[in-house]
Amino acid sequence: MTTMTTPRKRRFLGRKRAEDRAVEPEQARVETTTPETAPVDIAPNDPLLAYLQDDAVDIEALELDSPALRELKAAGVKLAVPLVSQGELIGVLNLGPRLSEQEYSSDDRKLLDDLAAQAAPALRIGQLVREQEAEAAMRQRFEQELEVAHLIQQHFLPKKLPDVPGWQIAAYYRPAREVGGDFYDVIPLPDGRIGFVVGDVTDKGVPAALIMSATRSLLRASAQRLIEPGLVLERLNDQMHPDMPEKMFVTCLYGVLDPSTGHLRFANAGHDVPYVKTANGIEEMRARGMPLGLMSGMTYEEKEMTLAPGDRVLLHSDGIAEAHDPDREMFGFPRLAQTMADVKPGQDLIQHVLTVLEAFIGPDAEQEDDITMVSLERALGGESAPAGDDDVLADFELESVAGNERMAIDQVEAALGGVGLKQTRLDNLKTAVGEATMNAMEHGNKYQADKPVHIRVLRDGDTVRVRVHDHGDVVELPEPETPDLEAKLAGTQKPRGWGMFLIEKLVDETHVTGEGGGHTLELVVRLEGGSDDHA
Amino acid sequence: MTTHELEVAVRQRNGVAVIDMTGDVNSSAEVALDTAYDEATANGTKDVALNFEDVDYINSTGIALIVGLLAKARKNDIGVRAFGLSEHYLGIFEITRLIDFMTITDDEDGAIGALERTSDA
């Protein structure tokens, strides 16, 4: 009996022309089968392939150093009939001995060759249909995986941002087709503080989405317990490192904002440096730190700043700076900083960045990576959130540079514009603020420019408080010597030493406290009552 | 508002050296004030009048400079007058008792007049 077998399985490479096989040996394998044995693979460099070009091959008579030939002989194959479609070997019919035990005649061979010539195209069509089905199934799996990644990511992004009086907090997230692992979060914390996060997981798809969701959950848990952003990242890194898959890590910026004062503390685990736009222009918010999950025992530098009314912060992911235009030029950080510098007061910062970015990359470009932004803006004017029962009328910092007390005076005066303080009392307070600022810069901060003077103007009912804070070592301040003009004129007392004396004479109350890494001098002036004749 | 370094000019009127000041009386005014005082008193003038009409800002260091100038003048038996102070800085001069050691008038004519009256006395 004659049996006819076709390849039981067909691999992609079977489609390769025989002469191409040496080029891609891994892929160019053709299987043959016999009824009794497993399929015989013909390696792409097997010399037998040179014989399987068109006509039936007498296996018994063939002498070659060919592993496939040895296998076929061992399996009792007598005749191998190549199945060739459009010049491409797509399979082989292996025939055992005739039942009559006679040799295959030339007529037999002719018949088999004709049969193979007609069967091969039909077989090829069958193979193509199977391949397409397999590819469709693979595509569907890929799409499903993308869908899962999207779902995970969407589920763990905040559905609603907290409403913070006096602040505009906005976020934007647009995933690339292959979800890139970006995330953001805005976390309400105890005491009304707000934590905010932007991060990026190295990797894409489901693995990145899972790491992102774990990071977000761990961070939320630590943020509720720890105040310092640097400690939060340190804890997060130590928790994540043992279980982090190889070659994966997470970059992450975490900050904590006190909305009542604009005070902002932040730490950075290797994430893109955010920008802050102040009256002085654009500044980078740099803080050193390694990405999360790479090494345990890392520490994270913590920085702080105070956002004045009108100041804006932009946190962003690399999908913006690393976007390309049609000529493959990168958008880049300088362009992002300039875009932020160009935004007008009242203009939506995120929308402005998106407009500029889209104009840069061109209308039909596919988004290369996730795009994520979080923006914080302190509202202008007296819309700030209250601190306790006080309205915060101004909150700002000044470098410790001689002459900057004039800026303190101007800003306090501007903040008190609408409170109805009589001119004489306002003038006295202005001089007191100038003196207090000079003291903070000179005696507290020793005129070190990097140690700022922090000034807050608060109003509670008919009372205005100006708090001037320095970063000097907290020591018991000596009681200032009461200036005696006669002694000074006589040369027995130095001409200087009027500052604190003037301050105490010019305002209703003063309070000095030494805490929070420096001294705070509080000047209290009441709108009504008290005497107007301080001066 | 930015700081304005003090500029000074000295002129004589009716035997009085008038020191016209423009700008801020703060630590950066020390050299200008010293120079002006020396110039004002170089030719034996016994009366100096400080013109504050164009001074917007005086801080505690500026007060100390005026105290120093006044101490020097007293040592040399030179009378010091001041005029053109705003109501606020007039108050500061009261708090510091500078007003007790110099004659303060609203304007220059008053200062010169006060001097003349003092001289007449």
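Residues numbered from 1 in each chain as written. Chains lettered and ligands numbered in written order. Predicted model: local features only at pLDDT ≥ 70, side-chain atom pairs only at ≥ 80, totals over all residues.

A. Broad picture of the overall build of chain B. For chain B, the helix and strand inventory stands at four helices and five strands. Reading the secondary structure of chain B in the N-to-C direction produces β-β-α-β-α-β-α-β-α. Burial analysis of chain B (121 residues in total) assigns 44% to the buried set. Long-range pairs, those at least 24 residues apart, make up 68% of the contacts in chain B between residues at least 6 apart in sequence. (Helix = DSSP H or I, 4+ residues; strand = E, 2+ residues; numbered from the N terminus. Buried ≥ 20, exposed ≤ 12 C-beta atoms within 10 Å, placed from the backbone. Contact = placed C-beta atoms within 7 Å.)

B. The arrangement of the packing of helix α8 (residues 405-415) of chain A against helix α9 (residues 423-444) of chain A in detail. Residue and element names in this part refer to chain A. Closest axis-to-axis distance for the α8/α9 pair is 8 Å, and the angle between their directions is 140 degrees. Crossing of α8 over α9 shows right-handed handedness. Of α9, the residues touching α8 (which contributes Glu405, Ala408, Ile409, Val412 and Glu413) are Leu426, Lys430, Val433, Gly434, Thr437 and Met438. In terms of residue class, the contact of α8 with α9 is built from six nonpolar, two polar and three charged. (Axes fitted to C-alpha atoms, helices over the stretch in contact; angles between N-to-C directions. Left-handed = near helix turned anticlockwise from the far one by under 90°. Nonpolar A, V, L, I, M, F, W, Y, C, P; charged D, E, K, R; others polar.)

C. Seen up close, the interface of chain A and chain B. Contacts between the two partners involve 20 residues from chain A and, on the opposite side, 23 residues from chain B. Those elements that place two or more of their residues in the side of chain A that touches chain B are α8, α9, α10 (485-490) and α11 (499-506) of chain A. Residue contributions to the side of chain A that touches chain B peak at five residues, all from α9 of chain A. Of the residues contributing to the side of chain A that touches chain B, the split by class is eight nonpolar, five polar and seven charged.

D. Fine view of the sheet that holds strand β7 (residues 182-188) of chain A. Residues and elements named next belong to chain A. Here we have five strands laid out as an open sheet, ordered β7-β8-β9-β10-β13, and antiparallel in their pairing. If you trace the sheet from one side to the other, it starts and ends with β7 and β13 (302-306), each paired once. Mean inter-strand twist for the sheet, computed between neighbouring axes without regard to direction, equals 15 degrees. Most of the contacts of helix α3 (residues 205-225) go to strand β8 (residues 194-201), to which it runs at about 155 degrees, and overall it touches β7, β8 and β9 (250-258). Docked against the sheet, helix α4 (residues 229-240) engages β9, β10 (263-269) and β13, running at close to 25 degrees with respect to β10. (Pairing = 2+ DSSP bridges.)

E. Local environment of the pairing of strand β1 (residues 7-13) of chain B. Residue and element names in this part refer to chain B. Where β1 and strand β2 (residues 16-25) come together, seven bridges link them in antiparallel fashion. In the sheet register, Gln12 faces β2, and the bridge partner there is Ala17. Following β1, the chain reverses through two residues before pairing antiparallel with β2; Asn14 in that reversal takes a positive phi of roughly 50 degrees.

F. Molecular detail of the sheet that holds strand β14 (residues 312-316) of chain A. Residues and elements named next belong to chain A. Strand order across the open sheet formed by five strands is β6-β15-β14-β11-β12, with antiparallel pairing between neighbours. Whereas interior strands pair on both sides, the edge strands pair on one side only; in this sheet they are β6 (167-174) and β12 (281-284). The sheet shows a mean angle of 15 degrees between the axes of neighbouring strands, taken without regard to direction. Judged from the eight bridges that link them, β6 and strand β15 (residues 371-378) form a sheet pairing that is antiparallel. Paired with Tyr173 across the bridge in β15 is Thr372.

G. View of helix α3 (residues 87-95) of chain B. Within α3 of chain B, the full set of buried residues consists of Tyr89, Gly91, Ile92 and Phe93 of chain B. In the core, the buried residues of α3 of chain B are packed alongside α9 and α11 of chain A together with β3 (47-58) and β5 (103-105) of chain B. A positive phi of about 70 degrees marks Arg97 of chain B, the residue just after α3 of chain B.

H. Molecular detail of helix α2 (residues 60-75) of chain B. All names here are of chain B. Helix length check: α2, at 16 residues, gives a terminal C-alpha distance of 22 Å against a target of 22 Å (1.5 Å per residue), a fit within 8%. Buried residues dominate α2, accounting for 12 of its 16 residues. Listed as buried for α2 are Ser60, Thr61, Gly62, Ile63, Ala64, Leu65, Ile66, Val67, Gly68, Leu69, Leu70 and Ala73. Two residues or fewer past α2, Asp77 is found with a positive phi of approximately 60 degrees. (Expected span 1.5 Å × (residues − 1).)

I. Spotlight on the confidence of the model for chain A. Residue and element names in this part refer to chain A. Of all residues in chain A, 88% have pLDDT values of 70 or greater, and the mean over the chain is 84. Contacts from residues 1-28, a stretch scored under 50 in pLDDT, to residues over four places away or in other chains number 60 contacts. In the model, residues 531-535 has pLDDT below 50 throughout and makes 13 contacts with residues more than four positions away in sequence or in other chains. (pLDDT = per-residue confidence, 0-100.)

J. A look at the environment of Lys160 of chain A. Residue and element names in this part refer to chain A. The residue Lys160 is located in the loop between α2 (106-156) and β6 in this model. Classification of Lys160 by C-beta neighbours within 10 Å gives exposed; the count is 6. C-alpha of Lys160 to C-alpha of Ala171: the two residues are 11 residues apart in sequence and 9.7 Å apart in space.

K. Looking closely at the nonpolar core. Counting 75 residues, the largest nonpolar core has Val412, Ala432, Val433, Val466 and Leu523 of chain A together with Ile19 of chain B as its most contacted members. Examining the composition of this core, we find that eight residues originate from one element, α2 of chain B, more than from any other. Apart from residues lying up to four places away in sequence, Val466 of chain A is in contact with Val412, Leu429, Val433, Ile455, Val457 and Leu523 of chain A. Core analysis: the next-biggest nonpolar cluster, separate from the first, contains 50 residues, Leu236, Val250, Leu336 and Val353 of chain A among them. (Core = buried A, V, L, I, M, F, W, Y, C linked by C-beta atoms within 7 Å.)

L. Region of interest: the packing of α3 of chain A against α4 of chain A. Residue and element names in this part refer to chain A. Following both chains from N to C, one finds α3 and α4 inclined at 135 degrees, their axes separated by 9 Å at the closest point. Relative to α4, α3 is oriented oblique. The interaxial crossing formed by α3 with α4 has right-handed handedness. Only Val232, Arg235, Leu236, Gln239 and Met240 of α4 make contact with α3, whose side of the interface consists of Thr215, Leu218, Leu219, Ser222 and Ala223. Its residues assigned to classes, the contact of α3 with α4 shows six nonpolar, three polar and one charged. (Parallel < 35°, antiparallel > 145°, perpendicular 65-115°, else oblique.)

M. A look at the pairing of strand β18 (residues 463-469) of chain A. All names here are of chain A. By the bridge criterion, seven bridges tie strand β17 (residues 453-460) to β18 in an arrangement that is antiparallel. Residue Arg459 lies in a different strand from β18, and its bridge partner there is Val464. Between β17 and β18, which pair antiparallel in sequence order, lie two residues; one of them, Gly461, sits at a positive phi of approximately 60 degrees. Both β18 and strand β20 (residues 519-526) contribute to a ladder of seven bridges, which runs antiparallel. Opposite Val464, over in β20, you have Val525 as the bridge partner.

N. Looking closely at the confidence of the model for chain B. Per-residue pLDDT for chain B has a mean of 89; in total, 91% of the residues score no lower than 70. Scoring of the predicted complex yields 0.45 for pTM and 0.90 for ipTM.

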